[in-house]
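Below, each chain spelled out in residue letters.
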Amino acid sequence: MLALGKLLELTLAGREPAEKTQLTVEGVRMRWMGEGALEVRPPEARDNGTDLLLSAGIHGNETAPIELLDELIRSIARGDLKPRARILFLFGNPDAMRRGARFVEQDVNRLFNGRHLQSGGAEALRACELERLAASFFSLPERYRLHYDLHTAIRGSTIEQFALYPWKEGRQHSRLELARLRAAGMSAVLLQNKPSIVFSAYTYDQLGAEAFTLELGKARPFGQNQQVNLGPLRLCLEQLIEGTEPERDDDLEGLQLFSVAREVIKRTDAFTFNLADDVENFSPLEKGYVLAEDAGGSRWVVEEEGARIIFPNPRVKNGLRAGILIVPTDADSLG
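Conventions adopted
- Residues numbered from 1 in each chain as written.
- Predicted model: local features only at pLDDT ≥ 70, side-chain atom pairs only at ≥ 80, totals over all residues.
- Heavy atoms only, no water.
- Helix = DSSP H or I, 4+ residues; strand = E, 2+ residues; numbered from the N terminus.
- Rg over C-alpha atoms; globule rule 2.2 N^0.38 Å.
- Buried < 20%, exposed > 50% of the residue type's maximum accessible area, 1.4 Å probe, protein only.
- Contact = heavy atoms within 4.5 Å.
- Areas by Shrake-Rupley, 256 points an atom, 1.4 Å probe, with all protein chains shown as cover.
- Lys, Arg positive; Asp, Glu negative; His and termini not counted.
- Charge placed at Lys NZ, Arg CZ, Asp CG, Glu CD.
- Core = buried A, V, L, I, M, F, W, Y, C linked by side-chain atoms within 4.5 Å.
- Phe/Tyr/Trp six-rings, centres within 6.5 Å; stacked < 30°, edge-to-face > 60°.
- Pairing = 2+ DSSP bridges.
- Polar contact = N/O pair within 3.5 Å; in protein donor to acceptor, adjacent residues only side chain to side chain.
- Axes fitted to C-alpha atoms, helices over the stretch in contact; angles between N-to-C directions.
- Parallel < 35°, antiparallel > 145°, perpendicular 65-115°, else oblique.
- Left-handed = near helix turned anticlockwise from the far one by under 90°.
- Nonpolar A, V, L, I, M, F, W, Y, C, P; charged D, E, K, R; others polar.
- Expected span 1.5 Å × (residues − 1).

1. A closer look at the overall build of the chain
The helix and strand inventory of the chain stands at seven helices and 16 strands. What you see for the chain is a C-alpha radius of gyration of 20 Å, in line with the 20 Å of a compact globule of 335 residues. Oriented by its inertia axes, the alpha-carbon framework of the chain measures out at about 65 × 45 × 40 Å. Scored against the burial criterion, the 335 residues of the chain give a buried share of 54%. For the chain, the share of sequence-separated contacts (at least 6 apart) that also reach a separation of at least 24 residues comes to 73%. When the accessible area of the chain is evaluated, it comes to approximately 14400 Å², of which 46% is carbon and sulfur surface. Averaging the coordinates of the 41 positive side-chain charges in the chain and doing the same for the 49 negative ones gives two points 4 Å apart.

Written out as structure tokens, the structure is:
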């Protein structure tokens, strides 16, 4: 196996490879682009015009998707996977990965779309570097651009695997991409309704990629992800890499769609959630329930029919989103 197939090992050790570029027997070029970054380019005659960005480890303790990308990279380096797509693999926050922590000082996934310019420190610089790498990768014209940013959640979920679809004014949702997500094992998709500062929102909004944040279960340490079934996603990614996807129609039957009703923003240190610490994502909420409270008598009362909560986290910094209220929607609402 080529040494660059050990990108995860190099990243966790904080080492640079001795050789920055290597070729497989089939002529696939693997090029080290910097810490935690590897570009894979097929021979020109095999290139099918797809540019695929796969990122994981934006939160350093979300190990299941990191291990999945490691397996794909090693398969390419061994010659078992024979790419027809260009691929950029990114491990997002190496310092946090080495510590087994979500982040060191700042949540990197709240520093995109220019937010890193309003901050400082190593993680702001890393977000800037990730934007640069993505922009360079997606700079070639007339190619299909797709980005999956792979995560696991802090808490459990009644819907274990789901995707978040970014928003941009005037841009329509892709039913084909939604059907691909369903085939990849996603049971639900949250359709967002405003600009965001996460990585997939940056590549969607600024770089014209079809881009999604994929939540793949609960965060666990390295080597403890046996309960996470990533088989359908891995098959989908292998097919994307090798250009062997079956033809898909745009039938979305069985895929649950949700839209954002409201974001819960933490304003002060007095903020409290009226939820158990172990409440799961997609837990239903009754109308009239006082979901959260903050200083000055501020309250979030559930007004929506069929409301659910995702990503409740009262420990975020003041001014950031502490949770999202969502409601079911259907395919007729797709823009």
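2. Here's the deal with the nonpolar core
Ranked by internal contacts, the top residues of the largest apolar core, which has 53 residues, are Phe89, Tyr148 and Leu214. Ranked by the residues each element gives to this core, the list is headed by helix α2 (residues 63-78), at eight residues. Among residues more than four places away in sequence, those in contact with leucine 214 are Tyr148, Asp149, Leu150, His151, Phe162, Ala163, Leu181, Met186 and Leu233.

3. Topic: the packing of aromatic side chains
For the coordinates displayed, the defined rule picks out 10 aromatic pairs. Note on phenylalanine 162 and phenylalanine 282: the rings are 4.7 Å apart at their centroids and 85° apart in plane angle, and the pair reads as edge-to-face. Here phenylalanine 162 is found in strand β7 (residues 161-165), whereas its partner phenylalanine 282 is found in the loop between β11 (272-273) and β12 (283-284), with 120 residues between them in sequence. Centre to centre, the rings of phenylalanine 271 and tryptophan 300 are 5.8 Å apart; their planes meet at 70°, and the pair counts as edge-to-face.

4. Description of unusual backbone geometry
One non-glycine residue with positive phi stands out, namely glutamate 142, at about 55°. In this fold, glutamate 142 is placed in the loop between α4 (122-137) and β6 (144-153). The exposure class assigned to glutamate 142 is exposed, which follows from its relative accessible area of 84%. Within the chain, phenylalanine 311 stands out as a residue other than glycine whose phi angle is a positive 55°. Relative to the helices and strands, phenylalanine 311 resides in the loop between β15 (308-310) and β16 (321-329).

5. Topic: the sheet that holds strand β14 (residues 298-301)
Spatial ordering of the open sheet is given by β11-β13-β14, a layout of three strands whose pairing is antiparallel. The outermost strands of the open sheet, each flanked by one partner alone, are β11 and β14.

6. Overview of the environment of tyrosine 144
The topology assignment puts tyrosine 144 in strand β6. C-alpha of tyrosine 144 to C-alpha of glutamate 215: the two residues are 71 residues apart in sequence and 23 Å apart in space. Only 2.4 Å separates the side chain of tyrosine 144 from the side chain of glutamate 177, close enough to count as a polar contact.

7. Points about the packing of α4 against helix α6 (residues 199-207)
Relative orientation of the contacting elements α4 and α6 amounts to 40°, with a least axis distance of 11 Å. Regarding the angle of α4 to α6, the classification is oblique. Our pair here, α4 against α6, has a crossing hand that is right-handed. Together, Leu130, Glu131, Ala134 and Ala135 of α4 and Phe199, Tyr202, Thr203 and Leu207 of α6 make up the contact between the two elements. Residues belonging to the contact of α4 with α6 are distributed by class as follows: six nonpolar, one polar and one charged.

8. A few points about the environment of leucine 207
Following the sequence through the fold, leucine 207 ends up in helix α6. The class of leucine 207 is buried, set by a relative accessible area of 13%. Measuring from C-alpha to C-alpha, the distance between leucine 207 and arginine 299 comes to 38 Å, with 92 residues separating the pair along the chain. Setting aside residues no more than four positions away along its own chain, leucine 207 makes contact with Ala134, Ala135, Phe138, Arg145 and Tyr202.

9. Structural notes on helix α7 (residues 231-242)
End to end, α7 covers 16 Å across 12 residues, agreeing with the expected 16 Å (1.5 Å per residue, within 8%). Along α7, the positions that sit buried rather than exposed are Leu233, Cys236, Leu237, Gln239, Leu240 and Ile241. Summarising the contacts, the buried residues of α7 are in contact with β4 (50-56), α2, β5 (86-91), β6, α5 (175-183) and β9 (210-218). Looking at the residues trailing α7, positive phi occurs at glycine 243, about 70°.

10. Quick look at the pairing of strand β10 (residues 256-265)
By the bridge criterion, four bridges tie strand β8 (residues 188-191) to β10 in an arrangement that is parallel. Residue pairing for β10: valine 189 is matched across the bridge by leucine 257. Summarising the sheet, β10 and β16 pair through eight bridges and their orientation is antiparallel. Following the sheet pairing, valine 264 is matched in β16 by glycine 323.

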